[in-house]
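Remarks on the overall topology
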Amino acid sequence: MKKTIIIFVLVILVIVLIYFASNIPYFIKVAHQEGNPWVTFRAIISLNHNHRYSQLSQNPEKYIMRSSDFNASLKSLCKDKGWLSFEQLGASVSFQDKNGKHILGVFWPYTRFFKVLEIKTL
């Protein structure tokens, strides 16, 4: 009886390992889509510590945000940067600063839980 259980558990473990090994190229592709994955992972971890957004890079200026509270994150970013307003236009966001200058942000999904926002000055 014990021998049968051990063999059954080993077979299940082998199946699980084969499944994960066959999906390694997909996981690598997802992890490296924004460059160095460690920077992205650190940014995601900081999102879990009550931050609305986290900066991925300075040039180009990129931020990562949760998809579930994306609008609240945009409002928080707008307030922190001193911008007056924002308007969402499809997959882009138009910000306006105090001088009337328009700033464009383009976003795309990193995963289904997170979005990346890249800021472009016009």
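**So, unusual backbone geometry**
Note that the residue after Asn59, namely Pro60, is joined by a cis bond; omega there is 0°. Within the element layout of this structure, Pro60 appears in the loop between strand 1 (53-58) and strand 2 (61-66).

**Let's talk about the confidence of the model for the chain**
A residue-level look at the chain finds 90% of positions with pLDDT of 70 or above and a mean pLDDT of 84. Averaged pLDDT values for the elements of the chain fall to 64 in helix 2 (residues 24-31) and rise to 92 in strand 2.

**Overview of the pairing of strand 4 (residues 92-96)**
Burial runs high along strand 4: four of the five residues are buried. With antiparallel pairing between neighbouring strands as the criterion, strand 3 (residues 85-89) and strand 4 make up a hairpin whose turn holds two residues, including Gly90 at a positive phi of roughly 70°. Of the strand pairs in this sheet, strand 4 and strand 5 (residues 102-109) are connected by five bridges, and their pairing is antiparallel. Residue pairing across strands places Gln96 opposite His102, the latter belonging to strand 5. Turn length for the strand 4-strand 5 hairpin, with the two strands adjacent in sequence and antiparallel, is five residues, and the turn residue Gly100 shows positive phi of about 85°.

**Let's talk about the pattern of salt bridges**
If you walk through the whole model with that rule in mind, you get three salt bridges. In this structure, Lys120 engages Glu118 in a salt bridge whose closest nitrogen and oxygen atoms are separated by 3.7 Å. Given the relative accessible area of 38%, Lys120 is considered partly exposed. Look at Glu118 and you get buried, because its relative accessible area is 14%.

**A word on the packing of aromatic side chains**
Taken as a whole, this structure holds five aromatic pairs when the rule is applied. When the ring of Phe86 is compared with that of Phe95, the centres are 6.2 Å apart and the planes differ by 45°; the resulting orientation is tilted. Members of the aromatic cluster, joined through ring pairs, are Trp83, Phe86 and Phe95. The aromatic ring of Phe70 is capped on one face by Lys115, whose charged end is 4.7 Å from the ring centroid.

Cut-off values and rules
Throughout, residues of each chain are indexed from 1 in the direction in which the sequence is written. Restriction of local features to residues with pLDDT of at least 70 applies here, the model being predicted, together with a cutoff of 80 or more for giving and counting side-chain atom pairs; totals for whole chains, interfaces and linings are based on all residues. Values shown for side chains rest on all heavy atoms present in the structure; no hydrogens or waters enter the calculation. Here a strand is any run of E in DSSP of at least two residues, a helix any run of H or I of at least four, and the numbering for each starts at the N terminus. Per residue, pLDDT captures the predictor's confidence, and it can take any value from 0 to 100. Relative accessibility under 20% of the residue-type maximum defines a buried residue, over 50% an exposed one, and the middle range a partly exposed one, all with a 1.4 Å probe and only protein chains included. Strand pairing requires that DSSP identify at least two bridges connecting the strands. Salt bridge, as used here: a side-chain nitrogen of Lys or Arg that lies within 4 Å of a carboxyl oxygen of Asp or Glu. When the centres of two rings from Phe, Tyr and Trp lie within 6.5 Å, Trp using its six-membered ring, the rings pair. Their planes under 30 degrees apart give stacked, over 60 give edge-to-face, and anything left gives tilted. Over a ring means this: the NZ of a Lys or the CZ of an Arg is within 6 Å of the ring centre and within 35 degrees of the ring normal.

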